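Structural description and commentary
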Amino acid sequence: MSNTYTQIHIQAVFAVQNRESIISNSWKDGLYKYITGIIQTNGHKLLAINGMPDHVHVLFGMRPTQSLSDLMQDVKGHSSLWINKNELVKGKFSWQEGYGAFSYSKSLVPAVITYIENQEKHHEKKTFKQEYEEFLDAFEVDYDKRFVFKSVDYS
């Protein structure tokens, strides 16, 4: 896009279906590399990625060539296929429906990168649910607590 200049920094947060802690240390780096490839293939710049066994944080510089919802559909859809194709979990892997996405000014990017890199330390003190609700509150996102972490019945 000629003459289009942007500076868009997005942190996306998404969880394993029913927030099951099944992202294993033995394959999480491969998952993160795969997600990085998806983001880069779509023309965006990955700045940080990390998570816990039940969720992932991704910070990236977003280009205006794609909608956020289309990018997240690619990330979650293709990474689920990768996990299932490589039989990394018992049964079928899927991500929880939806995601959180939060925008940051360039001056805050280093602090967000540090936050993402230190996920294990943060989660010594708080659960993913507490963390996620704090994001929603801090960014003044209206939500209904009954549905933010609604479990899916597989039967």
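The following paragraphs examine the structure supplied in this document.

Observations concerning the layout of surface pockets
Taking a probe equal in size to a water molecule and rolling it over the atoms shows the remaining empty space. What the largest pocket holds in volume is close to 360 Å³. Those elements that provide at least two residues to the lining of the largest pocket are strand 1 (9-15), strand 4 (100-104), helix 5 (128-138) and helix 6 (145-148). By residue class, the composition of the lining of the largest pocket is 15 nonpolar, four polar and three charged.

Quick word on the environment of Met-52
Locating Met-52 in the fold gives a position in strand 2 (residues 45-52). Residue classification places Met-52 among the buried positions, given a relative accessible area of 18%. In the structure, Met-52 is positioned 71 residues away from His-123 in sequence and 8.3 Å away in space, judged by C-alpha atoms.

Points about helix 2 (residues 68-85)
Residues three or four positions apart in an α-helix share a direction because the helix packs 3.6 residues into each turn. In a regular helix each residue adds 1.5 Å, so 18 residues correspond to 26 Å; helix 2 covers 25 Å between its end C-alpha atoms and thus fits that length. Considered for burial, the residues of helix 2 that qualify are Leu-71, Met-72, Val-75, Lys-76, Ser-79, Ser-80, Trp-82 and Ile-83. End-on, the buried residues of helix 2 take up no more than an arc of 160°, which puts them together on one face. In helix 2, the exposed positions angled more than 90 degrees off the buried face are occupied by Gln-73, Leu-81 and Lys-85.

Quick notes on the nonpolar core
One finds Leu-31, Val-58 and Trp-95 to be the most contacted residues of the largest nonpolar core, which totals 25 residues. For this core, the secondary-structure elements that each account for two or more residues are strand 1, helix 1 (28-41), strand 2, strand 3 (55-61) and helix 2. Every residue in contact with Trp-95, bar those within four places of it in the chain, is listed here: Phe-14, Ala-15, Val-16, Gln-17, Ile-23, Leu-31, Val-56, Lys-76, Ser-79, Ser-80 and Ile-83. Residues Val-13, Leu-59, Val-112 and Ile-116 belong to the second largest nonpolar core, which totals 16 residues.

Conventions used here
- Residues numbered from 1 in each chain as written.
- Predicted model: local features only at pLDDT ≥ 70, side-chain atom pairs only at ≥ 80, totals over all residues.
- Heavy atoms only, no water.
- 1 Å grid on protein atoms, 1.4 Å probe; cavity = no way out; pocket = protein on both sides within 12 Å on 5 of 7 lines; lining within 4 Å.
- Points joined across faces, edges and corners; volume = space filled by probe spheres on them.
- Helix = DSSP H or I, 4+ residues; strand = E, 2+ residues; numbered from the N terminus.
- Nonpolar A, V, L, I, M, F, W, Y, C, P; charged D, E, K, R; others polar.
- Buried < 20%, exposed > 50% of the residue type's maximum accessible area, 1.4 Å probe, protein only.
- Expected span 1.5 Å × (residues − 1).
- Arc of directions from axis to C-beta.
- Core = buried A, V, L, I, M, F, W, Y, C linked by side-chain atoms within 4.5 Å.
- Contact = heavy atoms within 4.5 Å.

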